[in-house]
Each structure stands twice: as C-alpha cells, then as structure tokens.
Amino acid sequence: LIHPDRNTWKHAFKAVWLIQQLEAKQIRVCHIYNWWRPEPYNRNVGGAAGRHPFGTSVDVNFCNKNAQELAHAELCKLRKQ
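Residues numbered from 1 in each chain as written. Predicted model: local features only at pLDDT ≥ 70, side-chain atom pairs only at ≥ 80, totals over all residues. Heavy atoms only, no water.

### Things to note about the state of the cysteines
Disulfides are covalent bonds that connect the sulfur atoms of two cysteines. Inclusion rule: When two cysteine sulfur atoms are found within 2.5 Å, that pair is recorded as a disulfide. Note on conventions: DSSP H or I runs of at least 4 residues are helices, E runs of at least 2 residues are strands, and numbering of each starts at the N terminus. Using a 1.4 Å probe on the protein chains alone, a residue whose accessible area is under 20% of its type maximum counts as buried, one over 50% counts as exposed, and one in between counts as partly exposed.
One pass over the structure, following the stated rule, counts one disulfide. Disulfide partner of Cys30: Cys63, at an S-S distance of 1.8 Å. Between Cys30 and Cys63, the S-S dihedral sits near 115°, and the bridge is therefore right-handed. Of the two residues, Cys30 sits in strand β1 (residues 29-33) while Cys63 sits in the loop between β2 (59-62) and α3 (65-80), which places them 33 residues apart along the sequence. Relative accessible area serves as the criterion here: at 47%, Cys30 is assigned to the partly exposed category. Of all cysteine sulfurs, the one in Cys63 lies closest to Cys76, which takes part in no disulfide; the gap is 20 Å. A relative accessible area of 35% means that Cys76 is categorised as partly exposed.

Given below as structure tokens:
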C-alpha cells in the first residue's frame with residue numbers, strides 16, 4: 001500500500017473545513033472521494049497533473065444539482081476572501 005505523505009494532511013483538513021462551511025449553510029454533500037492519490041493512479045484515471053498527488057484536490061458529489069450550484073457560488077465567495 002502507498003500512503004500519502006503527512007505534509008498533504010493539512011490539505012485534507014482544509015477540505016473538511018470547507019465542506020463543513022457549506023453544510024452549515026444547508027448545502028448538502030453526499031459523497032467525498034479522491035482526496036489524495038499517487039501519481040501513477042492519478043495519471044491512469046485522467047486526473048489533472050499536480051493536484052491529487054499533492055492532496056490539494058478533493059472530488060465531491062453533492063446531493064442534487066441545486067446544492068452543487070450553491071456550493072460553487074459559496075466556494076467562489078470564499079476564494080475571493
């Protein structure tokens with residue numbers, strides 16, 4: 001088994017914090033997956049170079065299209081801050 005470097009964990013904690021912020025606004029997340037994945041696996045699944053292998057990308061399924069659109073708007077606001 002390959003395990004993520006401990007330096008990537010901070011990114012996972014930040015992702016969880018962001019999802020908690022969304023859920024506090026009643027934006028439901030149904031499934032969180034693919035936080036970290038090693039480069040060979042990332043390449044095989046067509047992942048963007050430089051994101052998942054460093055733990056700086058998280059894939060999320062929202063419970064419905066409305067939640068997805070609301071989350072996008074909220075994340076854009078947070079990014080501007």
